[in-house]
Amino acid sequence: MIAGACAAARKLGLSPGMPLANAQAMVPGLTVVDATPEEDAAALDRLAAWCLRVTPMTAPDPPDGVWLDTTGCAHLHGGEPTMLSALLEQLDEQGYVARAALADTPGTAHAVARFSGASSTVVNPGAQADALAMLPVSALRLDPEHGITLRRLGLDLIGQLVTAPRGPLARRFGPALLRRLDQALGRVPEPIQPVLPPEVIQVRRSFVEPIGTAESIVSVIALLVAEACELLEQRGDGARRLDLLFERVDGTVQAVRIGTARPSRDARHLARLLDERVEEVDPGLGIEAMRLVLPLVEPLALTQHGGGLLPGEQEEADLSVLVDRLTNRLGPGKVYRMQMLPSDVPERAQRPVPMHEPLPPAPPATGWPRPIRLLERPEPVDALALMPDHPPQCFTWRRVRHRITRADGPERITGEWWRRDGELAAVRDYWIVENEAGRRFWLFRQGDGVDPATGSLGWFLHGFF
Amino acid sequence: MRKGVGDSGLAGLRAAVAALERGWGTTGETRPDATLPFGLPCLDDHLPGGGLTLGAVHEIAAGGPEVEHGAAAAAFAAGLLGRLSGPVVWIGPRRDLFVPGLASMGLFPSRLLMVEARRDALLVMEEALRHPDLAGVVCEIDGKLDLVASRRLQLAAEGCDVLGLVLRRSRRFDDPALRQPSAAQSRWRVTSLPSAPPLAHAPDVPGLGPAVWQLELMRCRGAEPATWTVEAPDAQGRLAVAPVLADRPAAPAPARRAVARRAAGHPHP
């Protein structure tokens, strides 16, 4: 199937949607490149970002379009026709073949740009119906089946659809058809969703004399952070990530990135986090300018502290300051919480959770004794035991022999067949055993001791009490 | 009159010395040390202040071959922290803690903040000890803890009522590093002992009763070293005094008893 065709290919009669075998039969020696929809989508996102030069409201319109809401922007570019031709010219310079249409509604602009054949069209205000009248119904972004049915009914053009009685249309095609028509004509609003983030906060200081000492860098950090926090406060946001860029005299840039567990605009805290990383910066011959960029901010409402129901009641302690400092010192993934999971298989009973994620409530306690330490993977031991349901008499682990005086068990833990087919028959029999010295171990035997399908009957050490 | 003066004079001197030790100056504010009682009179009466001092660092080590994994020592720490309320930072070199086990001692994962640190463990602990909202900080260290490092931790802990616990682990059996002096408020050693039969009246019934530990107070400011035999913490993190018989063989041989009775019936001349 052909996903897209260049202008030369279209001249030869090829069009998207045609089976590839047909195309190759029609045009011997055809150049075929595999379609990459993800890369196309990414490129479209980049193009939408590039279009920000025209208007602050842009959004990609997959598979092949970009919405631009130019309300109030045209006069900055010398009027609507000039703006469109300038935009097309710039796109042409980049190698894009584009068509543009400007109208009161996104629906009309979409239809005119794709189906009118002109490369640049400006639909006058209120003239949507005229502009659409001679275009095919498929220009209305309809379900393809609806388009075919309409054509079969003789309704080829949007103009015919406008004059057709609405009641039968709604009965036959449901509300979607009329909604699309009304959106195109401007009877129903259709806002476009700008996906691009609002302006990124950044503050910059350049210096008359290049700086290089840690003290001077720290004092500049304090200035930058204070400025950024003021901007954050105006917007009601808190920073989650901060990039501090050092522009050096030799033209290179060094960067330090810190993150916070929850949005913060506490200048002292943020400055301290950055200060701790200053030693990683190599000032070289000197730093000309420093720039603080906040690529990730989240809303941070003012909160009132205290005020629990009881006078002495405290809210949950705020550990985010400590967490941030430890995370920035040790690196990501080193500060975490443990979640207890509802699984009897010990390896699956706990899971580290990053600090910024909420911790789900623990499953209800089962009451079975569980060890304090769990070996990462069970270690095989040589054990002497009466099959099938006696604890081992003794076992040897790491060349030390432990004679068992007391034991409790077995606690049978079966495989979780809903995770993997192979676990359907798997069984582990766990024993808590105590050696002569009183030390307690958690041993298990693979298999139930009777049926070889349930496990190999090997003994393993899994934990310590 | 004289007695009263003498009492207050001695108490005043003690308070002044304590204040000097903690760097508060000779006069003015002296606050009584907050403590966490064990709930066992024999331990609490022995310890100054009637329990484990909060706002201080305590060392816990396992005895014998357990020192590598220190499960009993970790359970002892979890039991202590399970009886406090508030968040706990647990710093360790490896991810070998089993949270359901900690929860069974009363230390639930919702209170736990885990930090994986090896070389920076003491730095992280110092940082955490200065945080006022924490109930406790546990730091597992492999090997050495010198006097300077432990003094730093102790000073950091004195700011607020946080319980600082250092779990000493070592890959070496009987590591001399564990016997070096440190500035911790107290040093404990937890060693497993053979436990009693689950049913005292029927010693032949298989099964396991509560684990029994030998709890050694090896060093403590203001108290003599001492040893107790206790049962491992229950679901609320409380220790219990172990039955005295715990150390004896589970079932005395009946033949012996017969001999004893005969001996009692027919005393030797």
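Model, not experiment: these values are computed from the prediction.

## Quick notes on the environment of Ser150(B)
All names here are of chain B. Mapped onto the fold, serine 150 is located in helix α6 (residues 147–157). The exposure class of serine 150 is buried, given its relative accessible area of 3%. Along the chain, serine 150 and glutamate 59 lie 91 residues apart, while their C-alpha atoms are 9.6 Å from each other. Aside from chain neighbours lying at most four places away, what touches serine 150 is Leu145, Ser182, Ala183 and Ala184. Engagement of the side chain of serine 150 in a polar contact is seen with the backbone nitrogen of alanine 183, the distance being 2.8 Å.

## As for the sheet that holds strand β15 (residues 440–446) of chain A
Residues and elements named next belong to chain A. What the six strands build is a closed barrel, ordered β11-β12-β13-β14-β15-β16; its pairing is antiparallel. The average undirected angle you get between the axes of adjacent strands in this sheet is 45 degrees. When β15 meets strand β16 (residues 459–464), the two strands line up antiparallel, connected through five bridges. Paired with leucine 443 across the strands is leucine 461, a residue of β16.

## Here we look at the domain arrangement of chain B
For chain B, the assigned domains read domain 1 (1–31) and domain 2 (34–244). Taking the mean C-alpha position of each, domain 1 of chain B and domain 2 of chain B sit 31 Å from one another.

## Digging into the pairing of strand β12 (residues 392–397) of chain A
Residues and elements named next belong to chain A. With four bridges connecting them, strand β11 (residues 373–385) and β12 associate as antiparallel partners. Bridged to alanine 385 within β12 is proline 392. Between β11 and β12, which pair antiparallel and follow one another directly, the connecting turn spans six residues. Where β12 and strand β13 (residues 400–414) come together, four bridges link them in antiparallel fashion.

## Focus on unusual backbone geometry
Residues and elements named next belong to chain A. With an omega of -5 degrees, the peptide bond running from glycine 409 to proline 410 counts as cis. Inspection of the secondary structure assignment puts proline 410 in strand β13. With phi around 65 degrees, leucine 457 is a residue other than glycine that occupies positive phi space. Within the element layout of this structure, leucine 457 appears in the loop between β15 and β16. Given a relative accessible area of 31%, leucine 457 falls into the partly exposed group.

## Details of the side chain of Asp429(A)
Residues and elements named next belong to chain A. Within the element layout of this structure, aspartate 429 appears in strand β14 (residues 427–435). Look at aspartate 429 and you get buried, because its relative accessible area is 0%. Here the side chain of aspartate 429 touches arginine 412 through a polar contact of 2.8 Å, side chain to side chain. Polar side-chain contacts of aspartate 429 include one of 2.8 Å to the side chain of arginine 445. What aspartate 429 contacts, discounting residues up to four positions off in sequence, is Pro410, Glu411, Arg412, Leu443, Phe444, Arg445, Gly447 and Asp448.

## Comments concerning the state of the cysteines
Counted according to the given criterion, the structure contains zero disulfides over all chains. Counting only cysteine sulfurs, Cys160(B) is the nearest neighbor of Cys139(B), a cysteine outside any disulfide, at a range of 16 Å.

## So, helix α10 (residues 175–185) of chain A
Listing the buried residues of α10(A) in full gives Leu177(A), Leu178(A), Leu181(A), Asp182(A), Gln183(A), Ala184(A) and Leu185(A). Where the residues of α10(A) are buried, they touch α5 (106–115), α6 (128–133), α7 (144–152), α8 (158–163) and α9 (166–173) of chain A.

## Considerations on the interface of chain B and chain A
Size of an interface, as often reported, equals the accessible area lost when the parts are brought together. At the interface, 55 residues of chain B touch 43 residues of chain A. Together, the buried faces of chain B and chain A total about 4,200 Å²; carbon and sulfur atoms form 61% of this surface. Taken as a group, His69(B), Phe98(B) and Leu208(B) account for 19% of the area that chain B buries against chain A, more than any other trio of residues on that side. On the surface where chain B and chain A come into contact, there are six salt bridges. Across the salt bridge formed by Arg398(A) and Glu68(B), the nearest N and O atoms sit 3.3 Å from each other. In this assembly, chain B and chain A are joined by 20 residue pairs in polar contact (both at pLDDT 80 or more). If you list the elements that add at least two residues to the side of chain B that touches chain A, you get α3 (71–82), α4 (99–103), β5 (112–116), α5 (121–129), β7 (163–169) and β8 (186–193) of chain B. Class assignment of the residues belonging to the side of chain B that touches chain A gives a composition of 35 nonpolar, ten polar and ten charged.

## Notes on the domain arrangement of chain A
Domains assigned within chain A are domain 1 (1–35), domain 2 (39–185), domain 3 (201–299) and domain 4 (373–464). Relative to domain 4 of chain A, the C-alpha centre of domain 2 of chain A lies at a distance of 69 Å.

## Considerations on the environment of Phe465(A)
In this structure, Phe465(A) sits in the segment after β16. Spatially, the C-alpha atom of Phe465(A) lies 5.4 Å from that of Arg440(A), the residues being 25 residues apart in sequence. In this structure, Phe465(A) is in contact with Pro369(A), Arg370(A), Pro371(A), Ile372(A), Ile432(A), Arg440(A), Phe441(A), Trp442(A), Ala71(B) and Ala72(B), ignoring residues within four places of it in sequence.

## Details of the sheet that holds β5(B)
Across the sheet, which stays open at both edges, the eleven strands sit in the order β10(A)-β9(A)-β5(B)-β4(B)-β6(B)-β7(B)-β3(B)-β8(B)-β9(B)-β10(B)-β11(B) with mixed pairing between neighbours. The open sheet has two edge strands with one neighbour each: β10 (350–354) of chain A together with β11 (240–241) of chain B. In this structure, strand β4 (residues 88–92) of chain B lies alongside strand β6 (residues 136–142) of chain B, joined through four bridges in parallel fashion. Residue Trp90(B) lies in a different strand from β6(B), and its bridge partner there is Val138(B).

## Observations regarding the packing of aromatic side chains
Residue and element names in this part refer to chain B. Applying the stated criterion across every chain yields a total of 13 aromatic pairs over all chains. Judged by centre distance (5.9 Å) and plane angle (50 degrees), the ring pair of phenylalanine 76 and tryptophan 188 falls under tilted. In this pair, phenylalanine 76 is assigned in helix α3 and tryptophan 188 in strand β8, connecting sequence segments 112 residues apart. Judged by its relative accessible area of 2%, tryptophan 188 falls in the buried class.

What counts and what doesn't
Residues numbered from 1 in each chain as written. Chains lettered and ligands numbered in written order. Predicted model: local features only at pLDDT ≥ 70, side-chain atom pairs only at ≥ 80, totals over all residues. Heavy atoms only, no water. Helix = DSSP H or I, 4+ residues; strand = E, 2+ residues; numbered from the N terminus. Buried < 20%, exposed > 50% of the residue type's maximum accessible area, 1.4 Å probe, protein only. Contact = heavy atoms within 4.5 Å. Polar contact = N/O pair within 3.5 Å; in protein donor to acceptor, adjacent residues only side chain to side chain. Pairing = 2+ DSSP bridges. Axes fitted to C-alpha atoms, helices over the stretch in contact; angles between N-to-C directions. Domains from an automatic or database assignment. Disulfide = S-S within 2.5 Å. Buried area = accessible area lost by both parts, 1.4 Å probe. Salt bridge = Lys/Arg side-chain N within 4 Å of Asp/Glu carboxyl O. Nonpolar A, V, L, I, M, F, W, Y, C, P; charged D, E, K, R; others polar. Phe/Tyr/Trp six-rings, centres within 6.5 Å; stacked < 30°, edge-to-face > 60°.

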